[in-house]
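One-letter residues, chain by chain:
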Amino acid sequence: MSGPTRVRGVGKPRFGLRLTVIGLSLTLSGCWSASGPEVVVYTALDSEFSEPIFADFTAKTGVTVRPKFDTESTKTVGLTEAIIHEKARPRCNVFWNNEILNTLRLQKQGLLEVYRPPVAQQYPPAFRSPQGLWHGFAARARVLLVNTELVPEPQRPGSIHDLADPRWRGRAGIAKPLFGTTATHAACLFAHWGDQRAKQFFRKLKANDVQVLSGNKQVALSVSAGRLALGLTDTDDAIIELEKGFPVTIVYPDRGEDELGTLFIPNTLAIIKGSANGQPARRLVDYLLSAEVEAKLAAGRSAQIPLNPAVDAEVRVETPRTVKAMPVDFAAAAEKWDTAAKFLRDEFTGAW
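Bear in mind that the values here come from a model prediction, so they are computed numbers and not experimental data.

Chemist: Please set out the pattern of salt bridges residue by residue, giving values where relevant.
Modeler: Across all of its chains, the model carries 18 salt bridges by this definition. Between D234 and R140 there is a salt bridge, with the nearest N and O atoms lying 3.3 Å from each other. On the criterion of sequence distance, the pair formed by D234 in strand 10 (residues 230-234) and R140 in strand 7 (residues 135-147) is long-range, its members being 94 residues apart. Summarising the burial analysis for this pair, D234 and R140 share the class buried. Through salt bridges with shared partners, one network takes in D46, E48, K217 and R301.

In structure tokens, the structure reads:
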């Protein structure tokens, strides 16, 4: 991976946007707590990355943020199912999703509120809902993390297809493909390749004894510790292991002329329809979409990629400007969500 690059936000990407239930212990009432205004946020972004942002927001506005985090193993899906389950009496005010497809699933069910923050106009149309129902920001890439002590440079993988290479039998890993960005990645492959080719790909992974861990972080930790030779994960988890000094390198896969390209996935924000705390919710969305927050997320340990062209920040990972990006129709991928999930659950839940 090349060194840090100072860039403005990604701007126009090369890919286009064509466009179980968990128990909750939050007690919610009205727009004000005993100590002042508050907003309830369900967030799939790791607490270590999101909580400092919430603290800054509270310090600036006096609005208390009450976050609900998901577990690593059910990222995004658990929170999405909770929002669906609660639709008659919404508890969540703002959904901060660390990917996009489950936000589109909520849109399809009519559970998102229209809001058009002024700052949203600075973002490329590819990363925001034309109807003002959701807003994308701060992307990550799906990458291969490789242990350099276990994989000599001439043998380094260059494609997600290398996960099925017999030389890495039992030594490659992925996160459980039913949750989080791994599930999003799977649905994008189903949409891009078609069902049969996508099913064949995952069956090859199974046949090669690819190890399935509870989350992307666990994949990155296993590679850096030498328990795996390589694994498919996200840049935020990969960069942490690299910057800690472990013997790892990040490979942005499928960059050849005839190859698929690297998948970039934005975080997304949405206000839940019919929920309370409307004004604090809108203030939080405005703040999270600000250039200040995208710059903080880029500078922080998660090294997220600014999507607002107005953001001037040092980026420590590759972006759609610097590597070939996978062309993806996120709306079509959302339509493939149930198909991909059923196949992966039926085929692999017992064995993986």
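Chemist: Break down the packing of aromatic side chains for me, citing the residues and quoting the values.
Modeler: The final tally for this structure, using the stated rule, is seven aromatic pairs. Between the aromatic rings of F190 and F202, the centroid separation amounts to 6.5 Å while the plane-to-plane angle is 25°, which identifies the pairing as stacked. Here the residue F190 occupies a position in helix 4 (residues 180-193), and F202 occupies one in helix 5 (residues 195-207), the gap between them amounting to twelve residues. Look at F201 and F202: their rings are 5.1 Å apart centre to centre, the planes differ by 75°, and that puts the pair in the edge-to-face class.

Chemist: Residue-level account of the environment of L344, with values.
Modeler: Within the secondary structure, L344 sits in helix 11 (residues 337-348). On the basis of relative accessible area, L344 is assigned to the buried category, the value being 2%. In this structure, the C-alpha to C-alpha distance between L344 and R203, residues 141 residues apart in sequence, is 9.5 Å.

Chemist: Explain empty space enclosed by the protein to me, using residue names and the numbers behind them.
Modeler: As a volume, the second largest cavity reaches approximately 70 Å³. Contributing elements (two or more residues each) for the lining of the second largest cavity: helix 4 and helix 5. Here the lining of the second largest cavity takes four residues from helix 4, the largest share from any one element. Looking at the lining of the second largest cavity residue by residue, the class counts come to nine nonpolar, two polar and no charged.

Chemist: Would you mind going over the nonpolar core in detail, with residue names and values included?
Modeler: Of all hydrophobic cores here, the largest spans 59 residues; its most connected members are Y42, I83, F95, L101, L163, L189 and F202. It is helix 4 that contributes the most residues to this core, seven residues altogether.

Chemist: Break down the side chain of S275 for me, citing the residues and quoting the values.
Modeler: One can find S275 in the loop between strand 12 (264-272) and helix 8 (278-288). When sequence neighbours within four positions are dropped, the list of residues in contact with S275 reads P90, C92 and N93.

Quick notes on the rules
Residues numbered from 1 in each chain as written. Predicted model: local features only at pLDDT ≥ 70, side-chain atom pairs only at ≥ 80, totals over all residues. Heavy atoms only, no water. Salt bridge = Lys/Arg side-chain N within 4 Å of Asp/Glu carboxyl O. Helix = DSSP H or I, 4+ residues; strand = E, 2+ residues; numbered from the N terminus. Buried < 20%, exposed > 50% of the residue type's maximum accessible area, 1.4 Å probe, protein only. Phe/Tyr/Trp six-rings, centres within 6.5 Å; stacked < 30°, edge-to-face > 60°. 1 Å grid on protein atoms, 1.4 Å probe; cavity = no way out; pocket = protein on both sides within 12 Å on 5 of 7 lines; lining within 4 Å. Points joined across faces, edges and corners; volume = space filled by probe spheres on them. Nonpolar A, V, L, I, M, F, W, Y, C, P; charged D, E, K, R; others polar. Core = buried A, V, L, I, M, F, W, Y, C linked by side-chain atoms within 4.5 Å. Contact = heavy atoms within 4.5 Å.

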